[in-house]
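Tertiary structure, described
One letter stands for each residue in the lines below.
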Amino acid sequence: MKLEFLGAMGSVGASGISIEDGSDKIVLDYGTKVREVPPKFPLPVERPKAILLSHSHLDHCGANPLLVKKYSTPIYALDVTKDLTELLLEDSIKVSKEEGVELPFNEFDVRQTIKNFVLVDYNKPFKVGNFQVTYFDAGHIPGSAMIFVESKDTNLLYTGDFNDINTRLLEKCEEDLPKVKNLIIESTYAQREHPDRKREEKELVKTIEETISDNHPAIVAAFAVGRAQEILLILAKHGISYPLFMDGMAKKATTIINRYKKYLREPEDLENALKFVTYVKGRMRRKLVKEAACIITTSGMLTGGPVVKYIEKLYKKEKASLILTGWQIEGTPGRILLETGRFIHENLDLEVKMRVKRFDFSAHAGRKGLFEFVKKLNPEKVFCVHGDHTEEFAEELRREGFDAVAPLANNRIFKL
Ligand SMILES: [Zn+2]
Ligand SMILES: [Zn+2]
């Protein structure tokens, strides 16, 4: 088996891995680096037999249309991943138009991409050329998968993005895995540990309730897929005694995810929580900024979406809250706000007087979880990708006796 890394080497974004066995070649994920404008793509790959897609986040699916356009490549994924990928790819075209960026594919190519999906299930092996493939639940977002690929000589497990703890929305990743020879593991939190989840939940609820009793809105910035639903379920568990709204792409993502209840930890919880939620439409926003209400909205790192409109209206209000619900990547408006107290986006530069708080409701395994995962599988070889510190992670694993490597541009092709 020949393994070739095409992206997400020493960083997050533009995931892509090519595997070859004889005349058969398949690609694991083919995403974009969304924090760059224009977005970056993985290295090119010739005529793959299939894309095995781990989940619908753009850093994994964003460049799929390129391969579909060129080679009409089929895409293997779960049903909910298909619907969410459609939503996110359509949005990526919309956003690029707003930013005046030309993407190498258009709406038509996105429609073709969606038509090329081949639906698979968790735990059900299937054949692609010389390979046998099995998807296991990754616990990261609905439909997310760890992909196990077997050839006649060897095998590998690609974790995609995974979570090893239960969240309100999802069960943790599959633990009953086959004997893995080669492991390709994400490294997002290799150098960071998550805070205690229960305490984060309590603090979040307290912040919202205090803001509302001060008669002001609490704006909760969240990623559309996974995070917005997680926040909603946290609020529901603690009891919702205030007006609750949802805005931006989170609305459509929530509607899709609620259609696939079978993937949720408690299938009915989201439906029940939604009874407390009003979707924001049309002119409602203008009124909402004057109300004591909680609004869950996109985007999670303040890079666009309705959250920008809310900040523009509320930045001077000391009693209003702006709540961030995850890690803020360097260079994003969310990170800059935390570091400088200013909201800088397009032509805006505002000194934010609102209460700004950041919480960690990550959907990735933390540092301890990553090490435990490797130890439990005890593979012959480990490849560390999808993180800003993959080399340090590989080095630490080597010190623990593993044959670990962080693929980089000058060292990215391996024989298994
Ligand atoms: Zn992801
Ligand atoms: Zn990712």
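Summarised in this report is the structure supplied together with it. (Residues numbered from 1 in each chain as written. Chains lettered and ligands numbered in written order. Predicted model: local features only at pLDDT ≥ 70, side-chain atom pairs only at ≥ 80, totals over all residues. Heavy atoms only, no water.)

Further remarks concern the coordination of the zinc ion (ligand 2). Within the protein, the atoms that donate to the zinc ion (ligand 2) are Asp 59 (OD), His 60 (NE2), Asp 161 (OD) and His 386 (NE2), at distances of 2.1 to 2.2 Å. Each of the four donor atoms bound to the zinc ion (ligand 2) contributes to angles spanning 89 to 162°, and the resulting shape is irregular. Read in sequence order, the donor residues coordinating the zinc ion (ligand 2) give the pattern D-H-x100-D-x224-H. The metal-metal distance between the zinc ion (ligand 2) and the zinc ion (ligand 1) is 3.5 Å, with Asp 161 serving as a donor to both. You can see Asp 59 sitting in helix 1 (residues 58–61) and its partner Asp 161 sitting in the loop between strand 10 (155–158) and strand 11 (182–186), a full 102 residues away along the chain. This pair shows no difference in class: Asp 59 is buried, exactly as Asp 161 is. (Donors = N, O, S within 2.8 Å, 3.2 Å for Na, K, Ca; no water. Tetrahedral: all angles 85-135°; square planar, octahedral: opposite > 155°, others 65-115°. Helix = DSSP H or I, 4+ residues; strand = E, 2+ residues; numbered from the N terminus. Buried < 20%, exposed > 50% of the residue type's maximum accessible area, 1.4 Å probe, protein only.)

Bringing the packing of aromatic side chains into the picture now. Each aromatic ring pair is specified by the distance between its two centres and by the angle formed by the two planes. One pass over the structure, following the stated rule, counts eleven aromatic pairs. One aromatic cluster is present, built from ring pairs that chain together Phe 5, Phe 383 and Phe 414. Positioned above the aromatic ring of Tyr 189 is the side chain of Arg 192, whose terminal nitrogen or guanidinium carbon lies 4.4 Å from the ring centre. Cation over ring: Arg 192 sits above Trp 327, and NZ or CZ is 3.6 Å from the ring centre. (Phe/Tyr/Trp six-rings, centres within 6.5 Å; stacked < 30°, edge-to-face > 60°. Lys NZ or Arg CZ within 6 Å of the ring centre and 35° of its normal.)

On to the sheet that holds strand 10. The sheet built from seven strands is open, its strands ordered 7-8-9-10-11-20-21 with mixed pairing. In this open sheet, the two edge strands, each paired with only one partner strand, are strand 7 (126–128) and strand 21 (404–405). Bridge analysis of strand 10 against strand 11 gives three bridges, and the strand direction is parallel. Considered in strand 11, the bridge of Leu 156 is made with Asn 182. Of the strands in this sheet, strand 9 (145–150), strand 10, strand 11 and strand 20 (381–385) are in contact with helix 12 (residues 367–377), which crosses strand 11 at around 170°. Sitting on the sheet, helix 13 (residues 390–399) is in contact with strand 11, strand 20 and strand 21, with an inclination near 155° to strand 20. (Pairing = 2+ DSSP bridges. Contact = heavy atoms within 4.5 Å. Axes fitted to C-alpha atoms, helices over the stretch in contact; angles between N-to-C directions.)

For Ser 56, the location among the structural elements is in the loop between strand 4 (50–52) and helix 1. Classification of Ser 56 by relative accessible area gives buried; the value is 1%. Residue contacts for Ser 56: discarding those within four places in its chain leaves Cys 61, Thr 81, Leu 84, Thr 85, Leu 88, Ile 141 and Val 225.

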